Amino acid sequence: MRIIPAIDIIEGKCVRLTQGDYAKKKIYNEDPLEVAKSFEDAGLKYLHLVDLDGAKAKQVLNFKTLEIIATKTTLKIDFGGGIKAHDDLRIVFESGAQQVTVGSSAVTNKKDFLDWLKEYGSEKIILGADAKGEKISISGWQETTELEITQFISDYQKEGIKYTICTDISKDGMLEGPALKLYEKILEKCPDIRLIASGGVSSISDIEQLKKLNLDGVIIGKAIYEGKIKLSELQFLILNS
């Protein structure tokens, strides 16, 4: 299971929200590159980079931050937030992302999403499947749809999707543990999906529990920034996995 630290960007700064609420923003570092380098120095190989400005504005805005991190580190970056058009996708890949996470457009513009999947391939496109009460949420989690999460993922798996990132929004930033039951439910319906868990991770014990589910990866954000999980602990976990 891949350990994937997260950096969320607002106005070029490293921040965290609570349950996707932009009013509950906390700035952790003015320099995302410094944070990314600390991850790299700890032996981490992956990064989940989210353009929160872009998610809200519905277009990619913080691609320069992506470019700097991609140029100055060896981290394999998946980038999400604000990808609504082919040009957004092009800019993100040209700026150094290995993969992109697309959520809202998979709901609101299925035709384009499937075109992107066909053009770039299933190794490059991650389906963003974030939910409130098991219903898909979009537009930076500002809008909840009537789409049921397991069916949403299953339908796109039939279209060729291999990877999906799933956040239970009620867990995000709460440090109260991940949505284990939701992930079990998704894997029961979609056993071959490469599921990446996100939200709620607060301890090494949480990571161990997720590992038992045979997930592809786990994204860790606030727990690192709040010192609940130390980078040295993650380094030990990676070296001994």
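Below: a short report on this structure. (Residues numbered from 1 in each chain as written. Predicted model: local features only at pLDDT ≥ 70, side-chain atom pairs only at ≥ 80, totals over all residues. Heavy atoms only, no water.)

Another aspect to go through is the overall build of the chain. A count of helices and strands for the chain gives eleven helices and twelve strands. C-alpha atoms of the chain, sized along the principal axes, occupy 40 × 35 × 35 Å. Here the chain, with 241 residues, has 54% of them falling under the buried criterion. Within the chain, contacts between residues at least 6 apart in sequence are counted, and of these 66% link residues at least 24 apart. Per element, the accessible surface of the chain, about 10,700 Å² overall, is 46% carbon and sulfur. Averaged over its 33 positive side-chain charges, the chain has a centre that lies 1 Å from the centre of its 37 negative ones. (Helix = DSSP H or I, 4+ residues; strand = E, 2+ residues; numbered from the N terminus. Buried < 20%, exposed > 50% of the residue type's maximum accessible area, 1.4 Å probe, protein only. Contact = heavy atoms within 4.5 Å. Areas by Shrake-Rupley, 256 points an atom, 1.4 Å probe, with all protein chains shown as cover. Lys, Arg positive; Asp, Glu negative; His and termini not counted. Charge placed at Lys NZ, Arg CZ, Asp CG, Glu CD.)

Summed over the entire model, instances satisfying the criterion amount to four aromatic pairs. Ring centres of Phe152 and Tyr156 lie 5.4 Å apart, and the angle between their planes is 80°; this geometry places the pair in the edge-to-face category. You can see Phe152 and its partner Tyr156 sitting in helix H7 (residues 149-158), four residues apart, about one turn around the helix. Assessed through its relative accessible area of 6%, Phe152 is described here as buried. On the basis of relative accessible area, Tyr156 is assigned to the buried category, the value being 3%. Taken together through their ring pairs, the aromatic side chains of Phe113, Phe152 and Tyr156 make up a single cluster. Over the ring of Tyr22 we find Lys56; its NZ or CZ atom is 4.4 Å from the centre of that ring. Lying across the ring of Tyr156, Lys110 places its NZ or CZ 5.6 Å from the centre. (Phe/Tyr/Trp six-rings, centres within 6.5 Å; stacked < 30°, edge-to-face > 60°. Lys NZ or Arg CZ within 6 Å of the ring centre and 35° of its normal.)

Attention shifts here to helix H9 (residues 204-211). Asp206, Ile207 and Leu210 are the residues of H9 that are buried. Around the axis of H9, the buried residues are gathered within 100° of arc, so they sit on the same side. (Arc of directions from axis to C-beta.)

Our next topic: the packing of helix H4 (residues 86-94) against helix H6 (residues 110-120). It is the contact of H4 with H6, at a shortest axis distance of 11 Å, that shows an interaxial angle of 35°. Our pair here, H4 against H6, has a crossing hand that is right-handed. Contacts between H4 and H6 pair His86, Leu89, Arg90 and Phe93 from the former with Trp116, Glu119 and Tyr120 from the latter. Of the residues belonging to the contact of H4 with H6, the class tally is four nonpolar, one polar and two charged. (Axes fitted to C-alpha atoms, helices over the stretch in contact; angles between N-to-C directions. Left-handed = near helix turned anticlockwise from the far one by under 90°. Nonpolar A, V, L, I, M, F, W, Y, C, P; charged D, E, K, R; others polar.)

Glancing now at the nonpolar core. Among the nonpolar cores identified, the biggest contains 62 residues, and Ile7, Tyr183 and Ile220 are the most heavily contacted of them. Setting aside residues up to four positions removed in sequence, Ile7 forms contacts with Cys14, Pro32, Val35, Ala36, Phe39, Leu47, His48, Leu49, Val50, Ile69 and Tyr225. (Core = buried A, V, L, I, M, F, W, Y, C linked by side-chain atoms within 4.5 Å.)

By the definition in use, this model includes twelve salt bridges. Of the charged contacts, one joins Arg2 and Asp216 as a salt bridge, the two residues approaching to 2.6 Å between their closest N and O atoms. Taken together, the residues Arg2 in strand E1 (residues 2-10) and Asp216 in the loop between H9 and strand E12 (217-220) connect sequence positions 214 residues apart. Linking Glu146 and Lys135 is a salt bridge whose minimum nitrogen-to-oxygen distance equals 3.2 Å. (Salt bridge = Lys/Arg side-chain N within 4 Å of Asp/Glu carboxyl O.)

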